[in-house]
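The lines below spell out each chain.
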Amino acid sequence: MPTTDRAARRRGIDALLRRSPLQPVFRARAARRLAVLAYHGIDDPAAFRAQMERLVRTAHPVGPEQVADAAEHRRPLPPRSVLVTFDDGDRTVLTEALPVLARLRIPAAAYVITDLIGTDRPYWWTEAAHLVRHGGRAEALRGLGPTAAVHRLKTRPDAERLGALAELRATARRPAPRQAQLSPEDLHALTDGGLTVGNHTASHPCLDRCAADRLHTQLADAHRRLTAWLGRPPTTFAYPNGNHDPRAETVLRTLGYRTAFLFDHRHAALAPAERLRISRLRVNSHTGRDRFDTILSGLHPAVHRLRGGR
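### Examining the environment of Ile117
Stage number 1. Relative to the elements of secondary structure, Ile117 occurs in the loop between strand E4 (108-112) and helix H6 (124-133).
Stage number 2. Placed 67 residues apart in sequence, Ile117 and Pro184 show a C-alpha to C-alpha distance of 6.6 Å.
Stage number 3. Once you skip the residues sitting within four places of it in the chain, Ile117 turns out to touch Val112, Leu182, Ser183, Pro184, Leu187 and Trp229.

### Points about the pairing of strand E1 (residues 33-39)
Successive residues of a regular strand alternate their side chains across the two faces of the sheet.
Stage number 1. Where burial is concerned, most of E1 is hidden: six out of the seven residues are buried.
Stage number 2. Bridge count for E1 against strand E8 (residues 268-269) is two bridges, and the pairing is antiparallel. The residue of E8 that forms the bridge with Arg33 is Ala269.
Stage number 3. Note that E1 and strand E3 (residues 81-88) share five bridges and pair parallel. Each bridged residue has a counterpart across the sheet, and for Leu37 the counterpart in E3 is Val84.

### Regarding the packing of H6 against helix H8 (residues 158-171)
Stage number 1. Closest axis-to-axis distance for the H6/H8 pair is 10 Å, and the angle between their directions is 45°. Between H6 and H8, the angle is such that the two are oblique. As H6 runs across H8, the sense of the crossing is left-handed. Residues Trp124, Glu127, Ala128, Leu131 and Val132 of H6 form the contact with H8, whose own contacting residues are Arg161, Leu165, Leu168 and Arg169.
Stage number 2. Here the residues of the contact of H6 with H8 sort into six nonpolar, no polar and three charged.

### Here's the deal with the pattern of salt bridges
Stage number 1. Within the structure shown, the criterion is met by 23 salt bridges.
Stage number 2. Residue Asp14 is joined to Arg291 by a salt bridge in which the shortest nitrogen-to-oxygen separation is 3.1 Å. In this pair, Asp14 is assigned in helix H1 (residues 3-18) and Arg291 in helix H12 (residues 289-297), connecting sequence segments 277 residues apart.
Stage number 3. One salt bridge in this structure joins Arg91 and Asp186, with 2.6 Å as the shortest N-O distance.

### Details of the side chain of Gln218
Stage number 1. Along the chain, the position of Gln218 falls in helix H10 (residues 212-230).
Stage number 2. The buried category is assigned to Gln218, whose relative accessible area is 4%.
Stage number 3. The contact partners of Gln218, leaving out residues within four places of it in the chain, are Thr201, Ala202, Ser203, His204, Pro205 and Leu207.

### A few points about the pairing of E3
Stage number 1. Burial analysis of E3 places eight of its eight residues in the buried class, the great majority of the element.
Stage number 2. Pairing between strand E2 (residues 60-61) and E3: two bridges, direction parallel. Residue Pro61 lies in a different strand from E3, and its bridge partner there is Val82.
Stage number 3. In this fold, the crossover linking E2 to E3 by way of helix H4 (residues 64-73) has right-handed handedness.

### A closer look at the packing of helix H2 (residues 22-30) against H12
Stage number 1. Close contact between H2 and H12 brings their axes to 8 Å; oriented N to C, the two are set at 50°. Classified by the angle between their axes, H2 and H12 sit oblique to one another. Across from Gln23, Phe26, Arg27 and Ala30 in H2, the residues of H12 making contact are Asp293, Thr294, Leu296 and Ser297.
Stage number 2. Tallied by class, residues from the contact of H2 with H12 come to three nonpolar, three polar and two charged.

### Re helix H11 (residues 246-255)
Stage number 1. Along H11, the positions that sit buried rather than exposed are Ala248, Glu249, Val251 and Leu252. All buried residues of H11 lie within an arc of 165° about the axis, which places them on one face of the element. Facing away from the buried side of H11 by over 90 degrees, the exposed positions are Pro246 and Thr254.
Stage number 2. On the buried face of H11, the contacting elements are H10, strand E6 (236-238) and strand E7 (259-261).
Stage number 3. Measuring from the side-chain oxygen of the N-cap residue of H11 to the backbone nitrogen of Arg247 gives 2.8 Å; that N-cap residue is Asp245.
Stage number 4. Gly256, located one to two residues past H11, shows a positive phi value of around 90°.

### Remarks on the packing of aromatic side chains
Stage number 1. In this structure the tally under the stated criterion is eight aromatic pairs.
Stage number 2. Here Tyr111 and Phe261 contribute two aromatic rings whose centre-to-centre distance is 6.2 Å and whose plane-to-plane angle is 55°, an arrangement assigned as tilted. Residue Tyr111 is found in strand E4, and its partner Phe261 is found in strand E7; the two are separated by 150 residues along the sequence. For the pair formed by Tyr111 and Phe261, the shared burial category is buried.
Stage number 3. Of the aromatic side chains, those joined through ring pairs into one cluster are Tyr39, Phe48 and Phe86.
Stage number 4. Arg161 extends its terminal NZ or CZ atom over the ring of Trp124, reaching a point 4.6 Å from the ring centre.
Stage number 5. For the cation-ring pair, Arg282 lies above Phe263, with the distance from its terminal atom to the ring centre recorded as 5.3 Å.

Reading guide: rules and limits
Residues numbered from 1 in each chain as written. Predicted model: local features only at pLDDT ≥ 70, side-chain atom pairs only at ≥ 80, totals over all residues. Heavy atoms only, no water. Helix = DSSP H or I, 4+ residues; strand = E, 2+ residues; numbered from the N terminus. Contact = heavy atoms within 4.5 Å. Buried < 20%, exposed > 50% of the residue type's maximum accessible area, 1.4 Å probe, protein only. Pairing = 2+ DSSP bridges. Axes fitted to C-alpha atoms, helices over the stretch in contact; angles between N-to-C directions. Parallel < 35°, antiparallel > 145°, perpendicular 65-115°, else oblique. Left-handed = near helix turned anticlockwise from the far one by under 90°. Nonpolar A, V, L, I, M, F, W, Y, C, P; charged D, E, K, R; others polar. Salt bridge = Lys/Arg side-chain N within 4 Å of Asp/Glu carboxyl O. Right-handed = clockwise from strand over helix to strand, strands pointing away. Arc of directions from axis to C-beta. Polar contact = N/O pair within 3.5 Å; in protein donor to acceptor, adjacent residues only side chain to side chain. Phe/Tyr/Trp six-rings, centres within 6.5 Å; stacked < 30°, edge-to-face > 60°. Lys NZ or Arg CZ within 6 Å of the ring centre and 35° of its normal.

What follows is the structure, given as structure tokens:
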């Protein structure tokens, strides 16, 4: 089916779900749950602006410190609480999201990859897809296209992932294009604008695929650098790819983290019982109005799980 047909079919399903008699039921239940929205970059600024304007009309935006206080003191947040988060530190969080959030006075958290700060290096998954598309070869990725190759790399032990990336770089016809990343000064612009900057590891490996020493280094090095740049230690974390690991949770507690977030497309409690394992809802700036509403209500996540999604 052509891409345009698939997109039209998804929009039709989203519209049906939003008009389903189940939607009011899920919406009423969601009022007693915390919705943590997990964005990445902002590729549709107008749609993102409409989403945020809808939030201030229909929900109660909160910041990560309020979530931490609720979790630590077991005092539930207000009904319909929503926390906005961004993973990976894409520059559009600064250029597109921050002005909207500041104007609407919506607190948010941005989780950054410290090895990329102040560089023009692409994300490793973007680079891997490009290299496969341009003839890059690796034994562990034989016969796979760009999307499948990235998925495979996320499931392999991290040492194998790094080895496969080295093979791709050595065999591709052309290197991946450079990508402007946030600078240390940009991190201050984010915090000055009301966002909380959090830890997303040093280089974004899947932590459950890392050896113990590498896992510790990924967390501690990123923590140290963020502390130096921000002038205070970060206290909030997002697991790369959402992959939780109990070893990481132990390190985060030692470093003084108050909250850590998954990527599991679920609501959380208004006073999360596991503050270093808080659920988030997956959303994009181009998510349409119908799907956005069913994500907030919990109907879309429920259907997603019924269809075998994670």
